[in-house]
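A closer look at the structure
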Amino acid sequence: KRSWAEPYKIKMVEPVRMISREERQEAIEEAGYNTFLLRSRDVYIDLLTDSGTSAMSDRQWAGMMLGDEAYAGSENFYHLEEAIQKFYGYKHVVPTHQGRGAEHIISQLMIKEGDFVPGNMYFTTTKLHQELAGGTFVDVIIDEAHDPENEHPFKANVDLEKLERLIEEKGADRIPYVSIATSVNMAGGQPISLGNLKKVRELTDKYDIPIIHDMTRVAENAYFIKQREPGYEDVPIKDIVHEICSLTDGATMSAKKDALVNIGGFLALNDEELFKLAQNMVVVYEGLHTYGGMAGRDMEALAIGITESVEENHIRARVGQVQYLGEKLLDMGVPIVKPIGSHGVFLNARKILPHLSQDELPAQTLAAALYVDSGVRSMERGVVSAGRNHETGEHNYPELELVRLTIPRRVYTQAHMDVVAESVEAVYKNREEITGLEFDYEPEYLRFFQSRFKKR
Ligand SMILES: CC1=C(O)/C(=C\N=C(/C)C(=O)O)C(COP(=O)(O)O)=CN1
């Protein structure tokens, strides 16, 4: 089996710097032990997120020069609309500045006070917008998804019994839609199978409940279907993506991930009436319905990015790099979420720091320790990200207490992955020395972005 390399070569580089350990210790204290509050210039390898951090292609950059910055009717909008209709199959497109812009609109439109929104595990902004609209998120993902060691190949599958029980218990009229994410971020970048999605479709059709698809990383999910689901080995990624979308009634997308742009998003809907309502809301919150908070040039780059995102060699290289890092860490004996995810490798902070209770914020602590060791920035995906129960005010204590090493698309080389793995190994070897953190400042919403912590 011959080696295989990325299907591109580098045409432009952006120098990065490595500051000293002393400077990194100062920087993390300055940032209140929150990696979101570090300055980019103090970060060596930035694995905080794959959101908006990917490299655009020369074609996308060329598209930036074709920005039709007309306020209304920009040519770039129609190119974006065509790309979404062609690759995703949805009829109507409402552009937004990024994913949460679309989540805000669809939540306000479809959810009424006291509703329940079932979904395959929560995502932070998605759940918050459902709550702000008066709804309650209900997790209907299979139990295996909450077990980092479980190697189920499709951990994002829906537990159909859980879903049907909820519908029977609450009544279909209090379930505005089922929220299905392709490649579930908080479970460790795990896919749903087409077989399961078809069963979800059958069940929701029985009760006439729509499915709204969070398609932020749909191409990565399609890649795992091609790798793991019988019958799809020879089906092109773009056809799998199209089939996934065809089983849903609409979608929100943060285009900052799979679609390879630094800003952008949209809401896509098949229902004409809902589309008109969404179009009317977008002008209140995002911008005219033909730009929705994006410049014309951004929409052009996005239309091109969508085309590139479903290209076989691109997605194979993208997911392949994540698998490479994950395999290295498994070989080093570092506890990570299995199977290895699509957009990142998730360290099992609870298992790495068993001497810390969840109240000592193990994932937050581990992310800070990793940064001090090497300048590698990661993101907390544990109790801090889970926030507080919006009724009781108590912390939500998730099963999964993870640190996400999120790989931007087409940015880092294999050498960077090797440096990251060695740093994780060094911190892992020294794990007994690590002591916990506590909150110093905690904002009301999405606290993981802006909280500050201190050593206990
Ligand atoms: C699955 C999913 C996401 O992962 C997501 C944003 N994710 C971020 C920022 C991340 O770091 O994973 C969003 C929100 O998108 P936005 O960051 O507003 O463009 C929606 N769905």
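Throughout what follows, the structure given in this document is the object of discussion. These numbers come from a predicted model, not from an experiment. (Residues numbered from 1 in each chain as written. Predicted model: local features only at pLDDT ≥ 70, side-chain atom pairs only at ≥ 80, totals over all residues. Heavy atoms only, no water.)

1. Brief notes about the overall build of the chain
Applied cut-off: Labels follow the DSSP assignment, with helices taken as runs of H or I lasting at least four residues and strands as runs of E lasting at least two, numbered in each case from the N terminus. C-alpha atoms define the radius of gyration, and 2.2 Å times the number of residues to the power 0.38 defines the globule rule. Burial classification: accessible surface area is computed with a 1.4 Å probe over protein chains only, and a residue below 20% of its type maximum counts as buried, one above 50% as exposed, and the rest as partly exposed. Areas reported as accessible are Shrake-Rupley estimates using a 1.4 Å probe. Residue values count occlusion only from the protein chains shown. His is not counted here, nor are the chain ends, while Lys and Arg score as positive and Asp and Glu score as negative. Charge positions come from single atoms, namely NZ of Lys, CZ of Arg, CG of Asp or CD of Glu.
Regarding its fold elements, the chain presents 16 helices and 14 strands. For 456 residues, the compact-globule formula gives about 23 Å, and the C-alpha radius of gyration of the chain, at 21 Å, lands near that figure. By principal-axis analysis of the C-alpha atoms, the chain measures approximately 60 × 55 × 45 Å. Going through the 456 residues of the chain one by one, you find that 59% of them count as buried. Accessible area for the chain stands at about 18,900 Å²; split by element, carbon and sulfur atoms hold 49% of it. For the chain, the distance from the average position of its 51 positive side-chain charges to the average position of its 72 negative side-chain charges is 4 Å.

2. Some thoughts on the sheet that holds strand β12 (residues 402–406)
The following threshold applies: Any two strands with at least two DSSP bridges between them are considered paired. To define axes, lines are fitted to C-alpha atoms, for helices over the stretch in contact only, and angles between the resulting N-to-C directions are given on a 0 to 180 degree scale.
Spatial ordering of the open sheet is given by β9-β12-β11, a layout of 3 strands whose pairing is antiparallel. In this open sheet, the two edge strands, each paired with only one partner strand, are β9 (344–348) and β11 (379–381). If you compare each strand with its neighbour and ignore which way they point, the axes differ by 35 degrees on average. When β9 meets β12, the two strands line up antiparallel, connected through 5 bridges. Bridged to Phe 346 within β12 is Arg 404.

3. Observations regarding the packing of helix α14 (residues 362–374) against helix α16 (residues 414–429)
Using the following cut-off: In this scheme the crossing of two helices becomes right-handed for a clockwise turn of the near helix relative to the far one and left-handed for an anticlockwise turn of less than a right angle. Pairs of residues are marked as contacts when any of their non-hydrogen atoms sit within 4.5 Å. Asp, Glu, Lys and Arg are counted as charged, while Ala, Val, Leu, Ile, Met, Phe, Trp, Tyr, Cys and Pro are counted as nonpolar; the rest, among them Gly, fall into the polar class.
Direction vectors running N to C along α14 and α16 enclose 120 degrees, while the axes themselves pass 9 Å from each other. As for how α14 packs across α16, the hand of that crossing is right-handed. Counted together, Leu 366, Ala 369, Leu 370, Asp 373 and Ser 374 of α14 and Ser 423, Val 424, Ala 426 and Val 427 of α16 form the full contact between these two elements. Residues that form the contact of α14 with α16 fall into these classes: 6 nonpolar, 2 polar and 1 charged.

4. Notes on the pattern of salt bridges
Close approach of charged atoms allows side chains with opposite charge to pair. Convention followed: One side-chain nitrogen of Lys or Arg within 4 Å of one carboxyl oxygen of Asp or Glu is enough to make a salt bridge.
Enumeration according to the criterion identifies 32 salt bridges in this entry. Here Asp 50 ties to Arg 409 by a salt bridge, and the two come within 2.6 Å at their closest N and O atoms. Of this pair, Asp 50 sits in the loop between β1 (45–46) and α2 (58–64) while Arg 409 is found in the loop between β12 and α16, placing the two residues 359 residues apart along the sequence. Across this residue pair, the class does not change: Asp 50 and Arg 409 are buried.

5. A closer look at the packing of helix α4 (residues 99–110) against helix α10 (residues 272–285)
Two measures define how a pair of helices packs: the angle their axes make with one another and the distance between the axes. Cut-off, in case you're wondering: Roughly parallel here means an angle under 35 degrees, roughly antiparallel means over 145, roughly perpendicular means 65 to 115, and every remaining angle is called oblique.
Between α4 and α10, whose axes approach to 10 Å, the crossing angle comes to 125 degrees. Considering the angle they form, α4 stands oblique to α10. Judged by the twist between their axes, the crossing of α4 over α10 is right-handed. Where α4 abuts α10, its residues His 104, Ile 105, Gln 108, Leu 109 and Met 110 lie against Leu 274, Leu 277, Ala 278, Met 281, Val 282 and Tyr 285.

6. Notes on the site of the ligand
The cut-off we apply is this: For this description, a residue counts as near a given molecule or strand if any of its non-hydrogen atoms is within 4 Å of it. We define a polar contact as two N or O atoms separated by no more than 3.5 Å, with the added condition that, inside protein, one atom must be a possible hydrogen donor and the other a possible acceptor, whereas residues neighbouring each other in sequence contribute only through side-chain atom pairs.
Around the ligand, a shell composed of 17 residues is seen, among which Thr 49, Arg 100, Asp 214, Ser 254 and Arg 404 lie nearest. Between Gln 98 and the ligand, the recorded distance is 2.8 Å, taken from a side-chain N or O atom to an oxygen atom. Protein chains shield 95% of the accessible area of the ligand, which is 470 Å² for the free molecule. A per-element tally of the shell around the ligand places α4 first, with 3 residues. Across the shell around the ligand, the residue classes tally to 2 nonpolar, 8 polar and 7 charged.

7. A few points about unusual backbone geometry
With omega at -10 degrees, the peptide bond leading from Lys 338 into Pro 339 counts as cis. The topology assignment puts Pro 339 in the loop between α12 (312–331) and β9. With a phi close to 65 degrees, Arg 410 is a non-glycine residue in the positive phi region. Assignment of secondary structure puts Arg 410 in the loop between β12 and α16.

8. As for the side chain of Lys 162
Looking at the secondary structure, you find Lys 162 in helix α6 (residues 160–170). Within the structure, Lys 162 has its side chain in polar contact with the side chain of Asp 143 (distance 2.8 Å). Apart from residues lying up to four places away in sequence, Lys 162 is in contact with Asp 139, Val 140, Ile 141, Ile 142 and Asp 143.

9. A look at a negative patch on the surface
Short version of the rule: Patch construction takes residues with relative accessible area above 30% that form no salt bridge. Like charges are linked within 9 Å, and nonpolar side chains (Val, Leu, Ile, Met, Phe, Trp, Tyr) are linked within 5 Å.
Taken together, the side chains of Glu 22, Glu 23, Glu 26, Glu 29 and Glu 30 make up a negatively charged region of the molecular surface. You can see Glu 22 is positioned in helix α1 (residues 21–30). For Glu 22, a relative accessible area of 54% puts it in the exposed group.

10. So, the side chain of Gln 60
Here Gln 60 shows up in helix α2. Here Gln 60 falls in the buried class, since its relative accessible area comes to 0%. Among all residues touching Gln 60, those that are not within four sequence positions of it are Ala 55, Ala 259, Leu 260, Val 261, Ala 301, Ile 304, Gly 305, Glu 308 and Arg 410.

11. Some words on α14
Every α-helix winds through 3.6 residues per turn, so residues three or four apart in the chain are directed the same way. Threshold: Given a helix with a known number of residues, its expected span is that number minus one, times 1.5 Å.
An ideal rise of 1.5 Å per residue puts 18 Å on 13 residues; α14 measures up with 19 Å between its terminal C-alpha atoms. Taken across its 13 residues, α14 has 11 buried, putting it largely inside the fold. By the burial criterion, the buried members of α14 are Pro 362, Ala 363, Gln 364, Thr 365, Leu 366, Ala 367, Ala 368, Leu 370, Tyr 371, Val 372 and Ser 374. Looking one or two residues beyond α14, the residue adopting positive phi is Gly 375, at roughly 80 degrees.

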